[in-house]
Amino acid sequence: MKVLISGAGIAGPALAYWLHRSGFHPTVVELAPTPRPGGQTVDIRGIARDVVERMGLLQTIRDRRMHERGMEYVRADGRRAAAFPTELLHGAGPVTELEILRGDLSEILLDATSQNIEYIYGDSITSLDQDDNGVLATFSSGTERRFDLAVGADGVHSRVRSLAFGPEAQYVEHLGGYGSFFTVKTPEPLDGWMKIHTAPGGRWVGLRPDHDPQYAKALLNFRSPLLPRLKPADQKALLAKTFAGVGWHASHVLEQLQETDDFYFDTTSRVVVPEWSRGRIVLLGDAGYCGSPLAGHGTALSLVGAYVLAGELAAHDGDHVRAFAAYQRELQPYVDQRLQLPPGGLKMAMPMTATGIRLRDASTRLLTSRPFRGLLAKLAGEPDAIALKPYETLVTR
Ligand SMILES: Cc1cc2nc3c(=O)[nH]c(=O)nc-3n(C[C@H](O)[C@H](O)[C@H](O)COP(=O)(O)OP(=O)(O)OC[C@H]3O[C@@H](n4cnc5c(N)ncnc54)[C@H](O)[C@@H]3O)c2cc1C
């Protein structure tokens with residue numbers, strides 16, 4: 001069976017890996033002209049670790065992992081206001097024990113698949129027409145091709161979802177903020193810490209370790225209502241305006257905004273789609289279920305989702321109706337669990353006033369103090385609401 005996958009981020013290549021392994025013929029189409037290197041550290045937590053182990057990639061990921069000591073909130077002069085050390089929550093807090101740069105993970109998945117799988121870069125689907133026998137896809141390059149199935153693994157603003165399920169506004173909930181990530185020369189040694197300075201107005205400027213200690217992954221996050229779609233130059237201008245006058249290393253980060261070659265900017269949004277399939281078309285990863293970086297777990301959900309989707313397709317011998325129903329049945333409890341936002345959402349994490357910031361820091365210190373640690377670790381370490389089926393057909397085909 002020929003399966004068209006839109007999106008070569010994390011979910012797309014992971015699905016292509018499993019489909020190829022079980023005898024399907026995936027083709028991945030990616031809008032960007034080349035693989036997208038950007039992003040900060042993402043974590044492979046919980047059951048997702050078992051998935052990458054079954055892919056035979058756990059050791060490769062471990063070899064490239066970032067050894068992060070935790071996350072700290074810093075004041076404008078760089079002094080620590082509060083912190084979540086990695087080991088405090090037994091590796092299940094904001095920074096986990098297995099962290100990897102998103103660009104490294106993407107590269108590992110592409111390395112594991114590009115020899116056997118067709119990747120098309122710089123193109124995208126413009127229409128999908130399905131009938132009893134398959135799906136006819138038209139691409140912006142002008143070509144037309146038939147497939148048996150089509151998968152939207154093209155992120156929060158999925159084209160496949162707009163084409164087959166309806167407008168984005170039905171499924172994407174703006175959580176009241178924007179986030180940007182890019183690489184900068186580091187203004188100070190980070191010593192393994194992810195550091196975040198919060199300025200009044202709901203603004204975060206952060207630095208996170210890179211492999212090369214001379215560099216850091218910068219983040220600029222801010223609270224805002226939904227804005228019209230902006231071009232990258234306008235996104236950068238907006239960041240420059242929003243973060244002007246913010247202390248700590250904000251001006252250093254802004255100075256490098258124009259030169260960076262891995263600039264990423266997006267809304268902080270949650271994606272909830274009640275039914276993940278329409279006939280022969282199905283959604284995977286952020287395109288179908290996403291709790292936003294605030295909820296975390298996005299990478300884990302896409303890796304586990306890819307495993308379950310491929311496993312059910314193989315187990316049902318390509319009968320997409322039964323396979324897609326089983327995919328949703330298996331994964332839904334885990335998705336529901338991991339789309340939960342932390343109490344208070346962005347308002348709590350990114351207060352608007354200096355008093356709010358002091359209160360957040362004080363409550364963080366309290367929660368991470370000895371009497372509360374056990375409770376916090378228990379909440380953070382809640383087991384994933386899914387048990388991986390063995391899907392023997394995945395390996396024996
Ligand atoms: C460059 C980049 C940096 C990121 N950095 C972070 C980060 O630092 N922290 C974090 O928590 N999350 C980050 N994310 C999001 C994170 O990767 C996802 O939340 C999660 O891993 C789920 O992966 P996904 O494959 O579903 O979505 P994504 O990783 O977003 O991948 C979707 C892919 O689809 C492609 N695409 C979009 N539209 C089309 C189209 N019309 N046709 C074909 N392809 C299309 C995109 O270019 C992208 O490669 C980043 C995503 C990207 C693309």
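Notes on the structure in this doc start here.

1. Considering the sheet that holds strand 1 (residues 2-6)
Within a sheet, adjacent strands bond to each other through the backbone by hydrogen bonds, running parallel or antiparallel.
Part 1 of the reasoning: Taken in spatial order, the six strands line up as 7-2-1-11-18-17 in an open sheet, and their pairing is mixed. Among the strands making up the open sheet, the edge pair consists of strand 7 (118-121) and strand 17 (277-278).
Part 2 of the reasoning: When strand 11 (residues 149-152) meets strand 18 (residues 281-283), the two strands line up parallel, connected through three bridges. Across the sheet, glycine 152 pairs through a bridge with leucine 283, a residue of strand 18.

2. A closer look at the environment of alanine 82
Part 1 of the reasoning: Mapped onto the elements of the fold, alanine 82 is located in strand 5 (residues 80-85).
Part 2 of the reasoning: Expressed as a C-alpha distance, the spacing of alanine 82 and phenylalanine 324, which sit 242 residues apart in the sequence, is 45 Å.
Part 3 of the reasoning: Those residues in contact with alanine 82 that lie beyond four places of it in its chain are Met71, Glu72, Tyr73, Asp361, Thr364 and Arg365.

3. Comments concerning the pairing of strand 10 (residues 144-147)
Part 1 of the reasoning: As paired strands, strand 9 (residues 135-139) and strand 10 are joined by four bridges and run antiparallel to one another. From the neighbouring strand, valine 135 faces strand 10, where its bridge partner is phenylalanine 147.
Part 2 of the reasoning: Connecting strand 9 to the antiparallel partner strand 10 that follows it, the hairpin turn spans four residues, and glycine 142 within it adopts a positive phi of roughly 100°.

4. Overview of the nonpolar core
Proteins that are soluble and globular tend to have nonpolar side chains buried together.
Part 1 of the reasoning: Core analysis: the biggest nonpolar cluster contains 79 residues, and Leu284, Val304 and Leu331 have the highest contact counts within it.
Part 2 of the reasoning: If you tally residues by element for this core, the top one is helix 9 (residues 298-315), at 11 residues.
Part 3 of the reasoning: Once you skip the residues sitting within four places of it in the chain, leucine 284 turns out to touch Ala11, Leu15, Val151, Gly152, Ala153, Tyr289, Ser302, Gly305, Ala306, Leu309 and Tyr327.
Part 4 of the reasoning: In this structure, Tyr178, Phe222, Ala250 and Phe263 belong to the second largest nonpolar core, which totals 22 residues.

5. Quick notes on the side chain of serine 106
Part 1 of the reasoning: Relative to the helices and strands, serine 106 is located in helix 4 (residues 102-113).
Part 2 of the reasoning: Here serine 106 is in contact with Ile10 and Arg36, once residues within four sequence places are set aside.

6. Let's talk about a nonpolar patch on the surface
Part 1 of the reasoning: On the surface, Leu366, Leu367, Phe372, Leu375 and Leu379 cluster together into a nonpolar patch covering about 480 Å² of accessible area.
Part 2 of the reasoning: When contributions to the nonpolar patch are tallied by element, the ones reaching two or more residues are helix 12 (354-367) and helix 13 (370-380).
Part 3 of the reasoning: It is helix 13 that contributes the most residues to the nonpolar patch, three residues altogether.
Part 4 of the reasoning: Along the chain, the position of leucine 366 falls in helix 12.
Part 5 of the reasoning: Exposure remark for leucine 366: the relative accessible area of 48% places this residue in the partly exposed category.

7. A look at the pairing of strand 13 (residues 193-199)
Part 1 of the reasoning: Of all seven residues in strand 13, seven are buried, a share of seventy percent or more.
Part 2 of the reasoning: Both faces of strand 13 are covered, namely the face carrying Trp193, Lys195, His197 and Ala199 and the face carrying Met194, Ile196 and Thr198.
Part 3 of the reasoning: Alignment of strand 4 (residues 70-74) against strand 13, held across five bridges, turns out to be parallel. When the sheet's bridge partners are listed, valine 74 is paired in strand 13 with histidine 197.
Part 4 of the reasoning: When strand 13 meets strand 14 (residues 203-209), the two strands line up antiparallel, connected through five bridges. Paired with histidine 197 across the two strands is valine 205, which belongs to strand 14.
Part 5 of the reasoning: What sits between strand 13 and strand 14 in their antiparallel hairpin is a turn of three residues, with glycine 201 showing a positive phi close to 95°.

8. Brief notes about the sheet that holds strand 15 (residues 215-223)
Part 1 of the reasoning: With mixed pairing, eight strands are arranged side by side in an open sheet as 5-4-13-14-15-12-16-19. Sheet topology places strand 5 and strand 19 (289-290) at the edges, where each strand pairs with a single neighbour.
Part 2 of the reasoning: Alignment of strand 16 (residues 264-272) against strand 19, held across two bridges, turns out to be antiparallel. Each residue of the ladder has a partner; that of valine 272, found in strand 19, is tyrosine 289.
Part 3 of the reasoning: Helix 6 (residues 232-243) rests against strand 12 (172-185), strand 14, strand 15 and strand 16 of the sheet, and its axis sits at about 80° to strand 15.

So, how was this worked out
Positions within a chain are numbered from 1, following the residues in the order the chain's sequence is written. Where local features are concerned, this predicted model is filtered to residues with pLDDT of at least 70; where side-chain atom pairs are given and counted, the filter is 80 or more; whole-chain, interface and lining totals use all residues. Calculation of side-chain values draws on the structure's entire complement of heavy atoms; hydrogens and water are dropped beforehand. Think of it this way: DSSP has to see at least two bridges between two strands before they count as a pair. Put simply, DSSP marks the helices as runs of H or I at least four residues long and the strands as runs of E at least two long, and each gets a number from the N terminus on. Contact definition: two residues touch when any of their heavy atoms are within 4.5 Å. The nonpolar core is taken to be a set of buried Ala, Val, Leu, Ile, Met, Phe, Trp, Tyr and Cys residues, with the residues joined through side-chain atoms within 4.5 Å. Classification of residues uses two cut-offs on accessible area relative to the type maximum, computed with a 1.4 Å probe and protein chains only: under 20% is buried, over 50% is exposed, and between them is partly exposed. Patch membership requires over 30% relative accessible area and the absence of a salt bridge. Like charges are linked within 9 Å, and nonpolar side chains (Val, Leu, Ile, Met, Phe, Trp, Tyr) within 5 Å. Method for areas: the Shrake-Rupley scheme with a 1.4 Å probe, in which residue coverage is limited to the protein chains shown. In the sections that follow, a salt bridge refers to a side-chain nitrogen of Lys or Arg positioned within 4 Å of a carboxyl oxygen of Asp or Glu. Lines fitted to C-alpha atoms define the axes here, with helix axes fitted over just the stretch in contact, and angles between the N-to-C directions of these axes take values from 0 to 180 degrees.

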